[in-house]
Amino acid sequence: VLILDFKNIEDDENYQYLEASITDAVREMLKGKFEFQEYPREEAINFAQANLFMTDEFHTQSVAFQMGLLLKQDVVINGSYSVENETITTEIRIFDIGNRKLLKTIEVTGSASSQIFA
């Protein structure tokens, strides 16, 4: 499973720190529910840079499919988030690379306050 870093699509600097936090939260939630082998994050970033994939495009469907195919992954998970009116909306996408299709899109909304980590 390749888990790509989530992207702050609004590029709001006040919420930039959530990119790593949301990615880590998704990773930990998956590890708590499923057994899987994750492709190492640093190796994915190094591969992306060597092959001219921009890390700020990890949230796009095209980069998810291309990296999944090239790295021979079964599943790729990516996503993005935006904050509007003190509400954060996170979109999580799960791709089945072997069958070349988007399996599921999950949208989660919540308060953009300290409660986000609860």
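Residues numbered from 1 in each chain as written. Predicted model: local features only at pLDDT ≥ 70, side-chain atom pairs only at ≥ 80, totals over all residues. Heavy atoms only, no water.

**Concerning the overall build of the chain**
In plain terms, the rule: A run of H or I in DSSP becomes a helix once it reaches four residues, and a run of E becomes a strand once it reaches two; helices and strands are each numbered from the N terminus. Radius of gyration means the value over C-alpha atoms here, while the globule rule gives 2.2 Å times the residue count to the 0.38 power. Categorising residues by exposure relies on relative accessible area from a 1.4 Å probe, with only protein chains included: less than 20% of the type maximum marks a residue as buried, more than 50% marks it as exposed, and the intermediate range marks it as partly exposed. Residues count as neighbours in contact if any of their non-hydrogen atoms are within 4.5 Å of one another. None of His or the chain ends enter the tally, which takes Lys and Arg as positive and Asp and Glu as negative. Positions of charges follow a simple convention, taking NZ of Lys, CZ of Arg, CG of Asp or CD of Glu.
When its secondary structure is counted, the chain shows three helices and five strands. Here the C-alpha atoms of the chain give a radius of gyration of 14 Å, agreeing with the 13 Å that 2.2 N^0.38 yields for 118 residues. Counting only C-alpha atoms and orienting by the principal axes, one finds that the chain spans roughly 40 × 30 × 25 Å. Looking at the chain as a whole, 38% of its 118 residues qualify as buried. For the chain, restricting intrachain contacts to residue pairs at least 6 apart in sequence, the fraction spanning at least 24 positions comes to 49%. Across the chain, the centroid of the 10 positively charged side chains sits 9 Å from that of the 20 negatively charged ones.

**Points about the pattern of salt bridges**
Note the cut-off: Whenever a carboxyl oxygen of Asp or Glu lies within 4 Å of a side-chain nitrogen of Lys or Arg, that contact is scored as a salt bridge.
Inspection of every chain in the model, using the stated rule, returns seven salt bridges. In this structure, Asp11 engages Lys7 in a salt bridge whose closest nitrogen and oxygen atoms are separated by 3.0 Å. Asp11 gets classed as partly exposed once you look at its relative accessible area, which sits at 47%. By relative accessible area, which is 13% here, Lys7 ends up buried. Across the pair Arg27 and Asp24 runs a salt bridge whose closest N-O atoms are separated by 2.8 Å. With a gap of three residues between them, Arg27 and Asp24 both fall in helix H1 (residues 18–33), about one helical turn apart. According to the relative accessible area criterion, Arg27 is buried, its value standing at 8%. Linked by salt bridges that have partners in common, Asp5, Arg41 and Glu42 make up one network.

**Some remarks on the environment of Lys7**
Inclusion rule: By the criterion applied in these results, polar contacts are pairs of N or O atoms within 3.5 Å in which, for protein atoms, one can donate a hydrogen and the other can accept it, and in which residues neighboring in sequence qualify only through two side-chain atoms.
Note on placement: Lys7 falls in strand E2 (residues 7–8). For the pair formed by Lys7 and Thr55, sequence separation is 48 residues and the distance between their alpha carbons is 9.0 Å. Filtering out sequence-adjacent residues up to four positions away, Lys7 remains in contact with Glu19, Asp56, His59, Gly79, Ser80 and Tyr81. Among the polar contacts listed, one links the side chain of Lys7 to the side chain of Asp11, at a separation of 3.0 Å.

**Here's the deal with the side chain of Arg93**
Note that Arg93 resides in strand E4 (residues 87–96). At 2.3 Å, the side chain of Arg93 and the side chain of Glu91 are in polar contact. Contacts of Arg93, omitting those with residues within four sequence positions, involve His59, Val76, Ile77, Asn78, Gly79, Ser80, Leu102, Lys104 and Thr105.

**Some points on H1**
Counted only if it meets this: By this rule the span expected of a helix is its residue count minus one, scaled by 1.5 Å.
In a regular helix each residue adds 1.5 Å, so 16 residues correspond to 22 Å; H1 covers 22 Å between its end C-alpha atoms and thus fits that length. Taken residue by residue, H1 has Leu18, Glu19, Ile22, Thr23, Val26, Arg27 and Leu30 as its buried positions. In this fold, the buried residues of H1 make contact with strand E1 (2–3), E2, helix H2 (41–50), strand E3 (75–84) and E4.

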